[in-house]
Amino acid sequence: MERPDFLNHSAEHLNGNLKGKDILSVWQFDAQTLDHIFSWSLETAEIAKKGYKADFLSQKILANLFYEPSTRTSSSFTAAMERLGGSVISINEVKYSSVTKGEDLEDTVRTLEQYADVIVLRHPEMGSAAIAAEAVSIPLINAGDGVGEHPTQALLDYVTIRKEQGMLDGLAVTMLGDMKHGRTVHSLARLLSLYQVRLNYVSPEILRMPSTIIQELEAKGVQQSEHESLSEVLSDTDVLYVTRVQKERFEDTAVYESVKGLYVVTPETLRAGKESLTIMHPLPRVGEISKSVDSYTKNAAYFRQMENGLYVRMTLLAGVLGKLPA
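No experiment lies behind these values; they were computed from the predicted model shown.

Examining the overall build of the protein chain
Okay, step 1: Within the protein chain, the regular secondary structure consists of 11 helices and 9 strands.
Okay, step 2: Expressed as a percentage of the 326 residues in the protein chain, the buried residues total 57%.
Okay, step 3: The contacts in the protein chain between residues at least 6 apart in sequence include a share of 70% that link residues at least 24 apart.
Okay, step 4: As displayed, the protein chain has an accessible area near 13,900 Å², and 47% of this comes from carbon and sulfur atoms.

Have a look at this one:
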């Protein structure tokens, strides 16, 4: 993958070795590194399933710095660090930190560097993770930077697809919902470009996938198509990746209200899909997948996604702190 302009010089291609590296963008990954992460995540799953803390990261401290609300990402990083024997400094929505006094991002992460061995950062501005990584010498992991990327989500999505479908090459993946603001689909589309996949984007006109991403993937020879109706592509879809319309990204509430309920996946919807169709969602869902789907099909994989997120984040933390093989 080509390097995005906003990334700093320290965001290196990983080449199978995570030790000491920042995790800022999916552009850092190649297929071989993804194979390693998949294999390592199977091993960390065994640790988690045994229900005890390992000592891989004993005496290591994670600073979990979240400028935006988070349930799954924040708690899964906390659980991942504790499962591996480490401890966590949690700063959620920065309500009780010096940021509320006007402290800038660089000073905040430089302060946390004095206390922690690794920083996980979520921030509302695209490119913020790269700025923060430049300011510190310890590894920093991007947990979402505005409408930019969410690389750890893309990694857990990759692991989920591979577990559910057994492969990636040859799959048709349909992304449904908010393509414009959805950092999860931005990262996943880029990551899937490492494989022979077909990508369908289904959204209203005002929430289309950014042209920069479409052009980037076109240059790599990825087959892509845009649609406003799911029915146009569902019958040929192997993985349906549903996203919510992100209310917090809209300046005009009326515009949000006009598009929020356009797509709702129900058991009736799925009757037009393949029997082997995998249904995914980064969560939270706010009505775009009916809860009746949960019991309608064993292929509703979104809670298994969340489980895989724990294993992937255990892998990343152990990796950047030098506790995985090169």
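Brief notes about the packing of aromatic side chains
Okay, step 1: Scanning all chains against the criterion turns up 3 aromatic pairs.
Okay, step 2: Here the aromatic rings of Tyr-158 and Tyr-195 are separated by 6.2 Å at their centres, their planes lie at 20°, and the arrangement is stacked. Highlighted residues: Tyr-158 in helix 5 (residues 151-165) and Tyr-195 in the loop between helix 6 (183-192) and strand 6 (198-202), separated in sequence by 37 residues.
Okay, step 3: The rings of Phe-38, Tyr-158 and Tyr-195 are connected pair by pair, giving a single aromatic cluster.
Okay, step 4: Looking at Arg-162, its charged tip hangs above the ring of Phe-38, at a distance of 4.0 Å from the centre.

Brief notes about the nonpolar core
Okay, step 1: Ile-141, Met-175, Leu-192, Leu-199, Tyr-201, Met-209 and Leu-317 are the most contacted members of the largest nonpolar core, which totals 63 residues.
Okay, step 2: The element that contributes the greatest number of residues to this core is helix 11 (residues 302-320), accounting for 8 residues.
Okay, step 3: Those residues in contact with Leu-199 that lie beyond four places of it in its chain are Val-173, Met-175, Ala-189, Leu-192, Leu-217, Val-222, Gln-223, Gln-224 and Ser-225.

Comments concerning the pairing of strand 1 (residues 61-66)
Okay, step 1: When you tally the buried positions in strand 1, you get 5 out of 6 residues, the bulk of the element.
Okay, step 2: In the sheet, strand 1 pairs with strand 2 (residues 87-92) via 6 bridges, with the strands oriented parallel. Residue pairing across strands places Ala-63 opposite Ile-89, the latter belonging to strand 2.
Okay, step 3: At this point the chain moves from strand 1, through helix 2 (residues 72-83), to the parallel strand 2, and the crossover so formed is right-handed.

Regarding the sheet that holds strand 2
Okay, step 1: Taken together, 4 strands build an open sheet; the order of strands is 2-1-3-4 and the sheet is parallel. Strand pairing shows two members of the sheet lacking a second neighbour, strand 2 and strand 4 (140-145), which therefore form its edges. Each strand of the sheet is rotated relative to its neighbour by a mean of 10°, with strand direction disregarded.
Okay, step 2: Taken strand by strand, helix 4 (residues 128-135) contacts strand 3 (118-123) and strand 4, and its axis lies near 160° from that of strand 4.

Some details on the packing of helix 5 against helix 11
Okay, step 1: Where helix 5 meets helix 11, the axes come as close as 8 Å, and the angle between the chain directions of the two elements is 120°. Between helix 5 and helix 11, the interaxial angle falls into the category oblique. Helix 5 and helix 11 meet at a crossing whose hand is right-handed. For the pair formed by helix 5 and helix 11, the contact residues are Thr-152, Gln-153, Leu-155, Leu-156, Asp-157, Val-159, Thr-160, Lys-163 and Glu-164 on the first element and Arg-304, Gln-305, Asn-308, Gly-309, Tyr-311, Val-312, Arg-313 and Leu-316 on the second.
Okay, step 2: For the contact of helix 5 with helix 11, the per-class residue count stands at 6 nonpolar, 6 polar and 5 charged.

Overview of the environment of Arg-304
Okay, step 1: Structurally, Arg-304 can be placed in helix 11.
Okay, step 2: Arg-304 sits 147 residues away from Asp-157 along the chain, and the two C-alpha atoms are 9.9 Å apart.

Points about the pattern of salt bridges
Pairing between side chains becomes possible if they bear opposite charge and their charged atoms approach one another.
Okay, step 1: For the coordinates displayed, the defined rule picks out 10 salt bridges.
Okay, step 2: With its nearest N and O atoms 2.7 Å apart, the salt bridge here joins Glu-226 to Arg-208. One end of the pair, Glu-226, is in strand 7 (residues 223-227); the other, Arg-208, is in the loop between strand 6 and helix 7 (211-219), with 18 residues separating them in the sequence.
Okay, step 3: Here Glu-226 falls in the partly exposed class, since its relative accessible area comes to 34%.
Okay, step 4: Linking Asp-294 and Arg-285 is a salt bridge whose minimum nitrogen-to-oxygen distance equals 2.7 Å.
Okay, step 5: Residue classification places Asp-294 among the partly exposed positions, given a relative accessible area of 31%.
Okay, step 6: The class of Arg-285 is buried, set by a relative accessible area of 18%.
Okay, step 7: The structure contains a network of salt bridges with shared partners spanning Glu-149, Arg-190 and Glu-216.

Conventions used here
- Each chain has its residues counted from 1, following the order in which its sequence is written.
- Local features in this predicted model are restricted to residues whose pLDDT is 70 or higher, and side-chain atom pairs enter the listing and the counts only when it is 80 or higher, whereas totals over whole chains, interfaces and linings include all residues.
- In computing side-chain properties, one takes all heavy atoms of the structure into account and sets aside hydrogens as well as water.
- A run of H or I in DSSP becomes a helix once it reaches four residues, and a run of E becomes a strand once it reaches two; helices and strands are each numbered from the N terminus.
- Exposure is judged per residue with a 1.4 Å probe applied to protein chains only, and the accessible area is read against the type maximum: over 50% gives exposed, under 20% gives buried, and values in between give partly exposed.
- Any two residues having at least one pair of non-hydrogen atoms within 4.5 Å are treated as being in contact.
- For accessible areas, the Shrake-Rupley method is used with a probe of radius 1.4 Å. Any residue's cover is judged against the shown protein chains and nothing else.
- When two rings of Phe, Tyr or Trp (its six-membered ring) have centres within 6.5 Å they constitute a pair, described as stacked for plane angles under 30 degrees, edge-to-face for angles over 60, and tilted for the intermediate range.
- Here, a charge over a ring is recorded when the distance from Lys NZ or Arg CZ to the ring centre is within 6 Å and its angle to the ring normal is within 35 degrees.
- Grouping buried Ala, Val, Leu, Ile, Met, Phe, Trp, Tyr and Cys residues that are joined through side-chain atoms within 4.5 Å yields what is termed a nonpolar core.
- A strand pair is defined by DSSP finding two or more bridges across the two strands.
- By convention, a crossover is right-handed whenever its connection, traced from the first strand over the helix to the second and viewed with the strands pointing away, goes clockwise.
- For helices, the fitted line uses only the C-alpha atoms of the stretch in contact; every axis is such a line through C-alpha atoms, and the angle between N-to-C directions lies from 0 to 180 degrees.
- To sort the angles, those under 35 degrees are grouped as roughly parallel, those over 145 as roughly antiparallel, those from 65 to 115 as roughly perpendicular, and the leftovers as oblique.
- Throughout, a crossing is termed right-handed when the near helix is turned clockwise from the far one, and left-handed when it is turned anticlockwise from it by less than a right angle.
- Note that Gly is not counted as nonpolar here; it falls among the polar residues with everything else outside the nonpolar set of Ala, Val, Leu, Ile, Met, Phe, Trp, Tyr, Cys and Pro and the charged set of Asp, Glu, Lys and Arg.
- One side-chain nitrogen of Lys or Arg within 4 Å of one carboxyl oxygen of Asp or Glu is enough to make a salt bridge.

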